[in-house]
Amino acid sequence: MTLIESFYPVLKPWLFRLDAERAHTLTVKMMIIAHRLGMLKSVVPGTPRPRSVMGLTFPNVLGLAAGMDKSASAVEAWGALGFGSVEVGTLTPRPQPGNPKPRLFRLPEHEALINRMGFNNPGIQSAVQKLKNRRTKAVVGVNIGKNFDTPNEDAVKDYLICLKAAYPVADYIAVNISSPNTKGLRDLQAEDAVRDLISQLKKEQAAMKQEHGRQVPFLVKIAPDLTDMQIEALARVFNEQSIDGVIATNTTIDRTAITGHRLQSEAGGLSGAPVRERSTLVLQAFHSLLKEQIPLIGVGGILCGADAAEKLKAGAALAQVYSGLVYRGPALVREVLETVQ
Ligand SMILES: Cc1cc2nc3c(=O)[nH]c(=O)nc-3n(C[C@H](O)[C@H](O)[C@H](O)COP(=O)(O)O)c2cc1C
């Protein structure tokens, strides 16, 4: 066990006494310092087994999910901790403060979080500047969205601005149309809306490929709260347009798994253990409906190595974590890689 792994169980009770968002900000700051002090080395066990997905070489299967590093301020540290990929964002064209605080809540009884952050972020340009000089070996994805005050009719413009800005620095781009905390965002998952969005992004991607001489794949990140009909419609569009990949899933608005909990009626997206099963079912459904060459990234409720193995069994080429890292700390990275590498 590395120093950082043994440190987290000591730190966790103290962090859990703080407001969740404050604890998060502090943890990221400590991570950056720990990295500078060389304390984050060698959490990854054995010889890494790189995976080739979407034409990219991922040093290993485990990625950090979007939302943990919205401003791309700690990519070197996440890479050093052992993640094979880091998805920064969600980033919007203009900076925005997000929703009023408190907006992040822990439900330790359920190994879960509820958040309604609302895309608090420093704007795409700020993240692009930070990513220009990155040295990490981890694959870096840039997750993009629309500003809260951009009407849905103009949403495509926001995604295009972000795609263009991120293209030169991103290894891949994740198109987030599934966050429950931006009004109307998930409506972009409707068949016609998503068809229009993807075709316009594809055109821009082709133009950027010409300009930069390399193809940056883009994936669409979807919600777990989709009906069978919605899943079929989305899969139809994804196949038609030969999308580069799909990330399944974002947080859920369903509260069934936490019925009776005092935080049950807090608005926002629920993540962690309660979303695991639904998220895996949605992943599995897409796996059976999508053309074989369209890769899936499985995210939602990975709290241990076996959970990650389940995502891969359900058809994911890669896995990502967020809430599990809050509950398990860096030990989760090692455990997942020991289980699935
Ligand atoms: C506090 C918080 C903020 C998040 N912010 C984003 C975000 O900005 N963009 C996004 O695509 N997903 C965001 N997510 C969703 C995660 O990336 C992930 O899809 C979801 O939490 C399920 O994974 P988990 O159960 O491992 O947490 C956020 C999740 C949490 C808990």
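Because the structure is a prediction, the values reported are computed rather than measured.

Caption draft 1: Layout of the packing of aromatic side chains. Counted by the stated rule, this structure contains 4 aromatic pairs. Between Trp 78 and Phe 83 the ring centres are 6.3 Å apart and the planes differ by 70 degrees, which places this aromatic pair in the edge-to-face class. Overall, Trp 78 belongs to the buried group, its relative accessible area being 3%. Overall, Phe 83 belongs to the buried group, its relative accessible area being 2%. Between Phe 238 and Phe 286, the ring centres sit 5.9 Å apart and the planes meet at 35 degrees, which makes this aromatic pair tilted. Of the two residues, Phe 238 sits in helix 7 (residues 228-240) while Phe 286 sits in helix 8 (residues 273-289), which places them 48 residues apart along the sequence. Of the two residues, Phe 238 and Phe 286, both sit in the buried class. Directly above the aromatic system of Phe 16 lies the positively charged group of Lys 12, at a separation of 5.2 Å from the ring centroid.

Caption draft 2: Focus on the UniProt feature "active site" (unreviewed entry) in the protein. Within the UniProt annotation, "active site" (unreviewed entry) is assigned to Ser 179. Counting through the fold element by element, Ser 179 comes out in the loop between strand 8 (172-176) and helix 6 (191-212). Excluding residues that lie within four positions of it along the chain, Ser 179 makes contacts with Phe 119, Leu 185, Arg 186 and Asn 250.

Caption draft 3: Summary view of the environment of Pro 122. Tracing the chain through its elements places Pro 122 in the loop between strand 6 (112-115) and helix 4 (124-132). Distance in space between the C-alpha atoms of Pro 122 and Gln 96 is 6.6 Å, their sequence separation being 26 residues. The contacts of Pro 122, once residues within four sequence positions are left out, are Lys 70, Ser 71, Leu 91 and Pro 95.

Caption draft 4: Highlighting the packing of helix 6 against helix 7. Taken N-terminus to C-terminus, the directions of helix 6 and helix 7 make an angle of 20 degrees; their axes are 9 Å apart at the nearest point. One way to sum up the angle between helix 6 and helix 7 is to call them roughly parallel. Once helix 6 is placed against helix 7, the crossing between them reads as right-handed. Contact residues: helix 6 offers Glu 191, Val 194, Arg 195 and Ile 198, while helix 7 offers Ala 233, Leu 234, Arg 236, Val 237, Phe 238 and Glu 240. Its residues assigned to classes, the contact of helix 6 with helix 7 comprises 6 nonpolar, no polar and 4 charged.

Caption draft 5: Representation of the sheet that holds strand 13 (residues 318-321) in the model. Strand order in the closed barrel formed by 8 strands is 3-4-7-8-9-10-12-13, with parallel pairing between adjacent strands. Strand-to-strand twist of the sheet, defined as the mean angle between neighbouring strand axes without regard to direction, takes the value 25 degrees. As paired strands, strand 4 (residues 85-91) and strand 7 (residues 139-144) are joined by 5 bridges and run parallel to one another. Across the sheet, the residue bridging to Val 88 is Val 142, located in strand 7. Strand contacts of helix 8: strand 9 (218-222), strand 10 (245-248) and strand 12 (296-299), with the helix running at about 170 degrees to strand 12, the strand carrying the most contacts.

Rules used throughout
Residues numbered from 1 in each chain as written. Predicted model: local features only at pLDDT ≥ 70, side-chain atom pairs only at ≥ 80, totals over all residues. Heavy atoms only, no water. Phe/Tyr/Trp six-rings, centres within 6.5 Å; stacked < 30°, edge-to-face > 60°. Buried < 20%, exposed > 50% of the residue type's maximum accessible area, 1.4 Å probe, protein only. Helix = DSSP H or I, 4+ residues; strand = E, 2+ residues; numbered from the N terminus. Lys NZ or Arg CZ within 6 Å of the ring centre and 35° of its normal. UniProt positions renumbered as here; feature names shortened; annotations may be inferred. Contact = heavy atoms within 4.5 Å. Axes fitted to C-alpha atoms, helices over the stretch in contact; angles between N-to-C directions. Parallel < 35°, antiparallel > 145°, perpendicular 65-115°, else oblique. Left-handed = near helix turned anticlockwise from the far one by under 90°. Nonpolar A, V, L, I, M, F, W, Y, C, P; charged D, E, K, R; others polar. Pairing = 2+ DSSP bridges.

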